[in-house]
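The primary structure of each chain is shown beneath.
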Amino acid sequence: MKYQALVDGKTGDHELLLGNEAAVRGALEAGIGIAASYPGTPSSEIGDVFSIVAKASGVYFEYSANEKIALEVVAAAAASGVRSFTFMKHVGLNVASDSFMTTAYIGTRAGLVVLSADDPSTHSSQNEQDNRYYARLANVPMLEPSSPQETKDYMVEAYNISEKLELPVLFRTTTRVAHMRGDVVFGDRRPVVRRGVFEKDPARLVPVPANSSKMHVKLLGKLAEARYLSETSSLNRVVDVGVGGRAGVVTVGSTFNYVIDALEELGLSARVFKIGFSYPLPLDRIREFAAGVDELLVVEELEPLMENDIKADFLSHGTRTPVCGKEELLVPRVHELNVDVVAKALASHFGVPLHVPASGKVQPWSSPLPSRPPVLCPGCPHRGSYLAVRRAIRELGIPEPVFASDIGCYTLGMAAPFSAADYLLSMGSSVGTAGGFDVATDQRIFSFIGDSTFFHAGLSALASAIHNKHRFVLTVLDNRTTAMTGHQPNPSMLTDAVGDPAPAISIEAVAKAMGVPFVKVINPYRVAEATEAYKEATQVDGVAVIVSKQVCSLLLDRAKRAKGIWQTFQVDRDVCTGCLTCVHDVACPAIFVSEGKAEINQELCDACGVCSQVCPVHAIGVKK
Amino acid sequence: MRRVLAGLSSACDRGEKMSSLNVFFAGVGGQGIITGASIIARAAIAAGVDAVMSEVHGMAQRGGSVVCELRLGDVHSPMIPEGEADLIIGFEPVETVRSLIKANHHTVVITEVRPIIPVSVSLGGIAYPAVEDLLAYLRSQVAAVYAVPAAAMAEEIGLPQAANVVLLGAAMGTGLIPLELRTIRDTLSRSVPSKALEANFRALQEGFELTRKV
C-alpha cells in the first residue's frame, strides 16, 4: 500500500513527506477516530492520503458534500468523545463558517481540529483571503507550522490544546507549507478511539438565546486560558541568527523560512521570535523580547494581523521599542512572500547591499515567449459541451448571451475560443447568479456547474431558481469525478471516499424530481446531437437542465491504457485544406499547425474525436 | 532536523554561510516533473543529505506550465531565490528558457529539445521560437547547456513515460548532484512498478552516459 509508512511508521522513523501528508501522520499520532472533508487545493492531498490509509489505520473517513457538512460531522463526533479532524481550503471555511462560529460557543469534548489551507498568490483559488481572521472572529486558538515536520508535530499539539480548552483549534497552513516536501521524523501513535458515547447536556450544547449568551462569556474565559497556553508554549520560540543581533524579528508560518534564509544571505545578525501558536499571540513574551532588542520587525504574509496586535499591545503597555511592519518595511499586503521579497525589505531597512550573484544575472529572452496557461486537457469532455453551446448560440443568432460559471476545471472555458465564463463568485454560484442575470436583463443565460459542485452548493440554488420561475439553461458538466482537485468521489458516484460501494444519486433524476421542465442527458463527444439539445433547451420557459455526461479524459485515458487500448486521431494531410476550423473551434492542446495544415500530437491525443466532427472536409480520422 | 553532507558546496556564488544545491525543474503538466524531483529528494534523504522541495498542484493537470523546486543542504525556504539555481532541468525548450529567471552565469542547464506547442501558438498568438535559437540563447547565458532528446530516447527504449528518468540520468551525469547513481537506482526501484524497472534503469543509464561523455 502506498503510504504504508504513515500507518505503521515507528517512533524515530523518518520519511520525505509533503506538508499535507505530514498532517495525516500528525492526526494519526494524535489518535483521531474520524475525519471528514470536501476536497480543495491546497488541502486536497490530505484527503487523498486518508482515502488510502483510513481503513488500515482504523479511522473513519468521508468526503462530505461540502465543507459545512464535513465540519458538522466532525463536530458531532468530537462532542461524542472521538478525536476528529476536518480540513479544507481557505474558501471552504467560508462555507463551513456558519457552524464553525457556533462550535466555538458550544465547545468540544474530544479534540477537534479544523485545518484551513490558505492560498496566498491564488495559485488555485478565486481569492487570497487571510483565514487568520477566522481565529479572531470565532475566538478560537490557532497554530501555524512552517514545515512538514512542524505540520506533523503541531497536529499532535493541536489536539492537546483542543482538549485542554474544550475548544476547536484552527490549524492554518498555506500553499508553501502544504505543498512543501521535507524529511519528517515520526513520533508515537496514540491508539485510535473510533467510537464514543454522546452524553446529553442541552444547557451546554444547544445555543438557544438563553444558553448562548452565557456561552459567549464562557468562550472569552477560555480565550484567556488560551492566551496563557500561548505564553508558555514551546511552539513560540526565539531563534538567533548570527551573534549579537540587536534587531528582533517576529514572524510566522512559511515566512519564517524566508526570514532565516534572507538574514543568512545578507549576512545579518538578528533575534527571530518564531510564532507557532499564533492566536492568541504571546504578547507578554513578545514585550519581554522587545525589551532586549533595539527595534522589532514584524514580517508576515497578507494582512498585518500580528503587527496590529503587537502595536496595540505596546501602546497600551507603554512599550517604547519601535515596531516596523508592512508600511515601514514595504512588505506587500498582497501575494505570497519569498526570500527575494523579504531580503529586499531587510536589505533596504538595514542599509546593506542586496546579494547579487557575482557572476551577474542572466539576460532575459529578447522577445515575449509563448504563454502556457492551464488549459482544458486533450480529450476533455468540457470542450465538446462548450463547442455545442457556442454552435447552438451561433446558429440561433442569440445576441449577447451571459455565461454564469462555477468552480472547477470547466472555469478554463473562460479562454478563447469558447469565452464561456463571464461571472464567477464561489462554489455553486453559477445557479444563483444565473437567476440574478435572468431577472435583471433580457439576455439569454447559460450557466455551468460540475457534478461535485452541483451537490456541494447547487441543489438548494436550483430549488430556489425553479420556485422563483427563473429562466436559464443550466449545464451540469458531469465528468463522473471531482477532477480539478485530483479525482475524488462525489455523491453521483458508486464508490465512497475509501473505495466502498455507495448509493449513487442521479443528477437527472434529482432535477426531474425537483420539477425542472426540461432535463436532457447528452454525450459531449457527439457534437451535432449536443448542439441540437442546446437549441431545444433555449426554447424552454424556465430552468432547462442539460446533464453533459462523459468521464474525465484523464480517467478514461487511464482506464484505456490499463486495457491496452491505445487509440489516437490523425490528420490526412492530402485531404486537409488548411482551413484550421479544428484549431480555432476546438482549441485542443494536441492540435497544432505545421506548414499551414493541422497536425495532431500523437502523445497528447486522447481520441475524443471532437475535432474529426468539426472538420468540414473529413480530413481527421482514427489512426490506423 | 537539518543534516548537511560534508563537502556539499554550492556551485553558485552565494554567501559563505550557505552550503546548498538548488535544482529547478520546469516543464508542462503531465511530464512527470514532481515524480522526477521527488526521486532525487528521496535519494538525498536516504544518503543523509537534507532536502526540501516546493511544488504547486492544482489548476494544471495537463498542458500548463509546471515548476518544481528542490534544494539540498542547509536551507529553510523550499523556493529558490531568483538567480540562485545551480542546475536547471527543463522538460520542454520554451519552459527551460522561461526558467532562466532562476539562473546565473554559473548555472548548468539540461534541456529536452522536443517542443510541446502551446494552444496559444496554435490559435495564432506568438510564434514558437526555433529550438536552435532557444539553445543558442541558453548557451550564451549559462555555464553549460546539455541538449537531451529525452522523449526520443525514452521512445527508443520502449517506455515513453520514462523521459523524465532520462533527464534525471543526465542530471546525475553532470556530477553536480552530490549523490551516487546507485542511490538513485535504489530509490527508483522503490518507486516504479517492477515490470517497468528495467526500462527505467536503462533510461537513467542512457541519460547519465550522455552528459558524462560531453
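Predicted model, so just to flag it, every value in this text is computed and none were measured. (Residues numbered from 1 in each chain as written. Chains lettered and ligands numbered in written order. Predicted model: local features only at pLDDT ≥ 70, side-chain atom pairs only at ≥ 80, totals over all residues. Heavy atoms only, no water.)

Caption draft 1: Just the overall build of chain A, in detail. For chain A, the count of helices and strands is 23 helices and 23 strands. Computed over its C-alpha atoms, the radius of gyration of chain A comes to 27 Å, within 12% of the 25 Å expected for a compact globule of 624 residues. Considering only C-alpha atoms, chain A reaches an extent of 80 × 70 × 50 Å along its principal axes. Buried residues in chain A amount to 60% of all 624 residues. Long-range pairs, those at least 24 residues apart, make up 78% of the contacts in chain A between residues at least 6 apart in sequence. (Helix = DSSP H or I, 4+ residues; strand = E, 2+ residues; numbered from the N terminus. Rg over C-alpha atoms; globule rule 2.2 N^0.38 Å. Buried < 20%, exposed > 50% of the residue type's maximum accessible area, 1.4 Å probe, protein only. Contact = heavy atoms within 4.5 Å.)

Caption draft 2: Geometry of the overall build of chain B. In terms of helices and strands, chain B carries eight helices and six strands. Counting helices and strands in the order they occur from the N terminus, chain B gives β-α-β-β-β-α-β-α-α-β-α-α-α-α. Contacts in chain B between residues far apart in sequence, at least 24 positions, make up 64% of those at least 6 positions apart. Total accessible area on chain B stands at roughly 7,600 Å², and carbon and sulfur atoms take up 53% of it. (Areas by Shrake-Rupley, 256 points an atom, 1.4 Å probe, with all protein chains shown as cover.)

Caption draft 3: Expanded view of the sheet that holds strand β16 (residues 445-450) of chain A. All names here are of chain A. Taken together, the five strands give an open sheet; going across it, the order is β15-β16-β17-β19-β18, and neighbouring strands pair in parallel fashion. At either end of the open sheet lies a strand with only one pairing partner, and these are β15 (402-404) and β18 (518-522). Shown here is a sheet whose adjacent strand axes are inclined to one another by a mean of 20°, direction ignored. Here β18 runs beside strand β19 (residues 543-549); their pairing, made up of five bridges, is parallel. Directly across from phenylalanine 518, in β19, lies its bridge partner alanine 544. Of the strands in this sheet, β16, β17 (472-478) and β19 are in contact with helix α18 (residues 451-467), which crosses β16 at around 140°. (Pairing = 2+ DSSP bridges. Axes fitted to C-alpha atoms, helices over the stretch in contact; angles between N-to-C directions.)

Caption draft 4: Representation of the side chain of serine 230 of chain A. Considering the arrangement of structural elements, one finds serine 230 of chain A in helix α10 (residues 209-232). Non-local contacts of serine 230 of chain A, meaning those with residues more than four positions away in its chain, are made with Asn236, Phe277, Pro280, Leu281, Pro282 and Arg285 of chain A.

Caption draft 5: Broad picture of the packing of aromatic side chains. Applying the stated criterion to the full structure yields 15 aromatic pairs over all chains. Centroid distance phenylalanine 61 of chain A to phenylalanine 87 of chain A: 6.1 Å. Interplanar angle 15°. Geometry classified as stacked. In this pair, phenylalanine 61 of chain A sits in strand β3 (residues 60-63) while phenylalanine 87 of chain A sits in strand β4 (residues 84-89), placing the two residues 26 residues apart along the sequence. With respect to class, phenylalanine 61 of chain A is no different from phenylalanine 87 of chain A; both count as buried. When the ring centre of phenylalanine 201 of chain B is taken as reference, the NZ or CZ atom of arginine 185 of chain B above it lies at 4.1 Å. (Phe/Tyr/Trp six-rings, centres within 6.5 Å; stacked < 30°, edge-to-face > 60°. Lys NZ or Arg CZ within 6 Å of the ring centre and 35° of its normal.)

Caption draft 6: How the structure looks around the interface of chain B and chain A. Counting residues at the interface gives 69 residues for chain B and 67 residues for chain A. Buried area between chain B and chain A, both sides added, is near 5,800 Å², and the carbon and sulfur share of it is 61%. A salt bridge links glutamate 92 of chain B to arginine 372 of chain A; the shortest N-O distance between them is 2.9 Å. Counted by class, the side of chain B that touches chain A contains 33 nonpolar, 19 polar and 17 charged residues. Where strand β8 (residues 180-185) of chain A lies against strand β2 (residues 51-55) of chain B, three bridges are found, and the strand directions are antiparallel. Looking across to β2 of chain B, one finds that arginine 181 of chain A is bridged to methionine 53 of chain B. (Buried area = accessible area lost by both parts, 1.4 Å probe. Salt bridge = Lys/Arg side-chain N within 4 Å of Asp/Glu carboxyl O. Nonpolar A, V, L, I, M, F, W, Y, C, P; charged D, E, K, R; others polar.)

Caption draft 7: Focus on the UniProt feature "binding site: [4Fe-4S] cluster 1" (unreviewed entry) in chain A. All names here are of chain A. Using the residue numbers shown here, the UniProt feature "binding site: [4Fe-4S] cluster 1" (unreviewed entry) corresponds to Cys576, Cys579, Cys582 and Cys615. In three dimensions, the annotated residues from a span of 40 residues occupy one location, with a maximal C-alpha spread of 10.6 Å. Structurally, the position occupied by cysteine 582 is in helix α22 (residues 581-586). Excluding its chain neighbours within four sequence positions, the residues that come into contact with cysteine 582 are Ala587, Ile591, Ala598, Cys611, Val614 and Ile620. Along the chain, the position of cysteine 615 falls in the loop between α23 (610-614) and β23 (620-622). A relative accessible area of 10% places cysteine 615 in the buried class. (UniProt positions renumbered as here; feature names shortened; annotations may be inferred.)

Caption draft 8: Just helix α3 (residues 44-57) of chain A, in detail. Residues and elements named next belong to chain A. An ideal rise of 1.5 Å per residue puts 20 Å on 14 residues; α3 measures up with 19 Å between its terminal C-alpha atoms. Remark: the principal bend of α3, roughly 45°, maps to serine 51. Taken together, the buried positions of α3 are Ser44, Glu45, Ile46, Gly47, Val49, Phe50, Val53, Ala54 and Ser57. Following α3 by one or two positions, glycine 58 has its phi on the positive side, about 80°. (Expected span 1.5 Å × (residues − 1). Bend = angle between axes of the 7 residues up to and from the residue.)

Caption draft 9: Representation of the pairing of strand β13 (residues 295-299) of chain A within the structure. All names here are of chain A. Buried residues dominate β13, accounting for five of its five residues. Of the two faces of β13, the one lined by Glu295, Leu297 and Val299 and the one lined by Leu296 and Val298 are each fully buried. Two strands pair when backbone bridges link them, and β13 and strand β14 (residues 323-324) are joined in this way by two bridges, in the parallel orientation. The residue of β14 that forms the bridge with leucine 296 is valine 323.

Caption draft 10: The arrangement of the nonpolar core in detail. Residues and elements named next belong to chain A. Core analysis: the biggest nonpolar cluster contains 81 residues, and Phe448, Tyr534, Val545 and Ile600 have the highest contact counts within it. Counting residues per element, this core draws most heavily on helix α16 (residues 381-396), at six residues. There are two domains that each give this core at least three residues, and those are domain 3 (381-557) and domain 4 (567-622). (Core = buried A, V, L, I, M, F, W, Y, C linked by side-chain atoms within 4.5 Å. Domains from an automatic or database assignment.)

Caption draft 11: Structural context of the sheet that holds β2 of chain B. The sheet built from eight strands is open, its strands ordered β1(A)-β8(A)-β2(B)-β3(B)-β1(B)-β4(B)-β5(B)-β6(B) with mixed pairing. Where the open sheet ends on each side, the last strands, each with one partner, are β1 (14-18) of chain A together with β6 (144-148) of chain B. With direction set aside, neighbouring strand axes in the sheet form an average angle of 20°. Relative to β8 of chain A, β1 of chain A is paired through five bridges, and the arrangement is antiparallel.

Caption draft 12: Local environment of the domain arrangement of chain A. The assigned domain composition of chain A is domain 1 (4-232), domain 2 (237-357), domain 3 (381-557) and domain 4 (567-622). Between the C-alpha centres of domain 2 of chain A and domain 3 of chain A the distance comes to 48 Å.

Caption draft 13: How the structure looks around the UniProt feature "binding site: [4Fe-4S] cluster 2" (unreviewed entry) in chain A. If you check UniProt for "binding site: [4Fe-4S] cluster 2" (unreviewed entry), the listed places come out as Cys588, Cys605, Cys608 and Cys611 of chain A in our numbering. For the annotated residues, spread through 24 residues, the largest C-alpha to C-alpha distance comes to 10.6 Å, consistent with a single compact locus. Counting through the fold element by element, cysteine 588 of chain A comes out in the loop between α22 and β21 (591-594). Residue class for cysteine 588 of chain A comes out buried when judged on its relative accessible area of 11%. In this structure cysteine 588 of chain A touches Pro378, Gly379 and Arg383 of chain A together with Val119 of chain B, once residues within four positions along its chain are discounted. Cysteine 605 of chain A sits in the buried class, given a relative accessible area of 13%.

Caption draft 14: Helix α7 (residues 181-191) of chain B, seen in detail. Residue and element names in this part refer to chain B. For α7, every residue scored as buried is listed here: Leu181, Thr183, Ile184, Thr187 and Leu188. The buried residues of α7 occupy one face: seen down the axis, they fall within an arc of 155°. Residues of α7 that are exposed and point over 90 degrees away from its buried face: Arg182 and Arg190. (Arc of directions from axis to C-beta.)

Caption draft 15: Representation of the pattern of salt bridges within the structure. Residue and element names in this part refer to chain A. For the structure on display, the rule yields 45 salt bridges over all chains. Across the pair glutamate 163 and arginine 83 runs a salt bridge, and its minimum N-O distance is 2.8 Å. Here arginine 83 lies in the loop between α4 (67-79) and β4 and glutamate 163 lies in helix α7 (residues 148-165), a separation of 80 residues in the sequence. Salt bridges sharing partners connect three or more residues here, namely Asp118, Asp130, Arg132, Glu144, Arg172 and Glu300.

Caption draft 16: Representation of the side chain of aspartate 478 of chain A. All names here are of chain A. Topologically, aspartate 478 is positioned in strand β17. You can call aspartate 478 buried: its relative accessible area is 1%. Look past the residues within four positions of aspartate 478 in its chain and what remains in contact with it is Asp451, Ser492, Ile507, Val547, Ser548, Lys549 and Gln550.

Caption draft 17: Broad picture of the packing of helix α5 (residues 150-157) of chain B against helix α6 (residues 163-173) of chain B. Residues and elements named next belong to chain B. Close contact between α5 and α6 brings their axes to 8 Å; oriented N to C, the two are set at 115°. Here α5 and α6 pass one another in a crossing that is right-handed. Residues Ala150, Ala151, Met153 and Ala154 of α5 pack against Ala163, Val166 and Leu167 of α6. Looking at the contact of α5 with α6, its residues break down into seven nonpolar, no polar and no charged. (Left-handed = near helix turned anticlockwise from the far one by under 90°.)

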